Amino acid sequence: MKTRPVRGTHDIFGENIIKLNSIREIVSKNANIHFYKEINTPIFELTDLFQKPLGEQSDVVLKEMYTFKDRNDENLTLRPEYTTPMIRAAITNNLLNELPLKVYGIGPMFRRERPQKGRYRQFNQINFEIFGSDDYFADVELICIANDVLKNILPDCKIELNINSLGTKKNLLNFKEALSEYFINNKKLLSEESKNKIYNNPLRILDSKNDQDIEIAKNSPSINEFISREAKEHYENVKNSLSSININYTENKNLVRGLDYYCNTVFEFKTNELGSQDTLLGGGRYDGLIDLLGGPDIPGIGWAAGIERISMLMKSNLIKNNEIHLAILDKKFKSQLLKLIQCLKDSQIPYFWNYKYNLKKSLSKANSVKAKKIIIIGEEEYKGNYYTIKNLENSHQDKIKIEEIGKYINDKS
Ligand code: AMP
């Protein structure tokens, strides 16, 4: 049997684990400042949770969900996104009694997409959500956190914020009808893929990457013609606030997002350093969604960012070889070894021993990972009750008493 991973999945180790942990740290720091509480939900849910809310005609529901029946014939789905599970968790655990509720989560999502650079079938997302506020300040706060998180993780990367307003649910409905009518009249010129979206998902034709579709979309009705005064005011307030805190943005009228539940403010952070999978983070308002899922009729807004795409832009060479290597030349020095490890542990000094009683092998391992120091316990050290510490960069050696070892290493590093 030849073992292989599932297509579109990947193992995270080495430098990528260091990146993942550093992303987690930055995310939780930003979450704490703005008082978001972490939620961790199961990776699978009842299929109903996703089907209608995400949109029965959305790409995710039509083509990408990992759905299966369990032994009781219950329809289950590996979560393709985090907003609906978070809302489900808030409802199930009565967390919506006190509003607003501000939550965040980090974890794996699953979509059966065509794997390519930056697009996987299991990938990790960061999610931030606010339930229970329709104040434009909530939009600004979330965009600001997104901006801070990305800037903290990728200080040198050029990232552009795109925003748009889709108007209220009702505005959006009227807009969709007008779009369908326009595209019906121009059906012959559309790509095959877009033709299939005319009736059920005309918004998605607006963000098609096909040149012909782009040309036709240029003269399509604009949301501006349908957006209510309140929705316009909300949007203007968001934009003015972002400008006042020096967050630059580009308005993009074709920014519609892929899922049905969005309305009002939508936004994406993009980079041109990643090729075609260029969106790092996307989000927006989803007023009406919590109600649809059986919760109270309260508004909501959130965003999701892709950890793998962010990781790809992070600097490499993060692995620090700051561990001390140990060379134990004979089994009879085990009690010295145990004392030494105790001492290193107390001084918080990372160490590595290869479980071999062989100086050559231990040195060769230390050199292969470019370790800076090695501690040697041999016959002389044993008799003299000291350790030899060798600096592998300049071959300098010192004899150190056990009680001085922590201080010696910390002083020299
Ligand atoms: P979405 O929920 O589609 O708006 O995605 C939010 C973010 O998750 C995107 O901007 C990407 O960074 C990331 N993402 C979405 N789908 C994938 C995927 N298949 N593989 C890797 N990252 C993804």
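The residue numbers shown here count from 1 along each chain, following its written sequence. Reporting of local features is limited, given that this is a predicted model, to residues whose pLDDT is at least 70; pairs of side-chain atoms are given and counted only at 80 or more, and all residues count toward the totals for whole chains, interfaces and linings. The basis for every side-chain value is the complete set of non-hydrogen atoms in the structure, without hydrogens or water.

Asker: Could you give me a rundown of the sheet that holds strand β2 (residues 44-46), with the residues and numbers involved?
Answerer: Between any two strands, at least two bridges found by DSSP are needed for them to pair. Put simply, DSSP H or I for four residues or longer makes a helix, DSSP E for two residues or longer makes a strand, and each gets a number counted from the N terminus. The strand order β2-β4-β3 describes an open sheet built from 3 strands, whose pairing is antiparallel. For this open sheet the edge positions go to β2 and β3 (67-69), each flanked by a neighbour on one side alone. Taking each pair of neighbouring strands and ignoring which way they run, the sheet shows an average axis angle of 35°. Examined bridge by bridge, β2 and strand β4 (residues 75-78) share 3 bridges and lie antiparallel to one another. Residue F44 lies in a different strand from β4, and its bridge partner there is L78. Helix axes are fitted only over the stretch in contact, all axes being lines through C-alpha atoms; the angle between N-to-C directions runs from 0 to 180 degrees.

Asker: A description of the nonpolar core should follow, citing residues and the corresponding values.
Answerer: Only buried residues count toward a nonpolar core, which is a set of Ala, Val, Leu, Ile, Met, Phe, Trp, Tyr and Cys residues joined through side-chain atoms within 4.5 Å. Buried, partly exposed and exposed residues are distinguished by accessible area as a fraction of the type maximum, computed with a 1.4 Å probe on protein chains only: under 20%, between the cut-offs, and over 50%, respectively. If you look at the biggest cluster of nonpolar residues, it comprises 42 residues, and the most contacted ones within it are F131, F183 and L206. Setting aside its immediate chain neighbours within four residues, F183 contacts L190, I198, P202, I205, L206, I216, A217 and S220. Among the nonpolar cores identified, the runner-up in size contains 41 residues, and Y104, I163, F267 and I301 belong to it. For this analysis, residues touch if any pair of their heavy atoms sits within 4.5 Å.

Asker: Kindly report on a nonpolar patch on the surface, identifying the contributing residues and their values.
Answerer: Residues with no salt bridge and a relative accessible area higher than 30% make up the patches, which join like charges within 9 Å and nonpolar side chains (Val, Leu, Ile, Met, Phe, Trp, Tyr) within 5 Å. What sets the accessible areas is the Shrake-Rupley method with a 1.4 Å probe; for residues, cover comes only from the shown protein chains. Within this document, salt bridges are pairs made up of a side-chain nitrogen of Lys or Arg and a carboxyl oxygen of Asp or Glu, the two lying within 4 Å of each other. A contiguous nonpolar surface patch, about 360 Å² in accessible area, is contributed by F13, I17, I18 and I319. Inspection of the secondary structure assignment puts I18 in helix α1 (residues 15-33). In this structure I18 comes out as partly exposed when scored by relative accessible area, which is 31%.

Asker: Summarise the sheet that holds strand β13 (residues 351-352); cite the residues concerned and give the values.
Answerer: With respect to topology, 5 strands assemble into an open sheet ordered β13-β12-β14-β15-β16, the strand pairing being mixed. Strands at the two margins of the open sheet, each flanked by one partner only, are β13 and β16 (397-401). In the packing of helix α14 (residues 359-368) onto the sheet, the strands contacted are β12 (324-328), β13 and β14 (373-377), and the crossing angle to β12 comes to about 170°. On the sheet, helix α16 (residues 405-412) packs against β12, β14, β15 (386-391) and β16 and is oriented at approximately 140° with respect to β16.

Asker: Kindly report on the packing of α1 against helix α5 (residues 136-153), identifying the contributing residues and their values.
Answerer: Helix-helix packing is described using two parameters, namely the angle between the two axes and the distance between the axes. Packing of α1 against α5 leaves a shortest axis separation of 10 Å and a crossing angle of 145°. As for the relative orientation of α1 and α5, their crossing is right-handed in sense. Together, I23, I26, V27 and N30 of α1 and I145, D148, V149, N152 and I153 of α5 make up the contact between the two elements. The handedness criterion is simple: a crossing whose near helix is rotated anticlockwise from the far helix by less than a right angle is left-handed, and one whose near helix is rotated clockwise is right-handed.

Asker: Please set out the pattern of salt bridges residue by residue, giving values where relevant.
Answerer: Tallied over the entire structure, the rule returns 21 salt bridges. A salt bridge links E230 to R229, with the shortest nitrogen-to-oxygen separation between them at 3.7 Å. For the pair shown, E230 and R229 are each scored as exposed. Ionic pairing is found between K383 and E379, a salt bridge with its closest N-O pair at 3.8 Å.

Asker: Give me the packing of aromatic side chains: which residues, what numbers.
Answerer: Any pair of Phe, Tyr and Trp rings, taking the six-membered ring for Trp, is counted once the centres come within 6.5 Å. Such a pair is stacked with planes under 30 degrees apart, edge-to-face with planes over 60 apart, and tilted for the rest. In total, this model carries 10 aromatic pairs according to the counting rule given. An angle of 65° between the planes, with centres 5.4 Å apart, marks the rings of W353 and Y355 as edge-to-face. We count a charge as sitting over a ring when the NZ of a lysine or the CZ of an arginine lies within 6 Å of the ring centre and within 35 degrees of the ring normal. Looking at K37, its charged tip hangs above the ring of F35, at a distance of 4.0 Å from the centre. The aromatic ring of Y82 is capped on one face by R79, whose charged end is 4.4 Å from the ring centroid.

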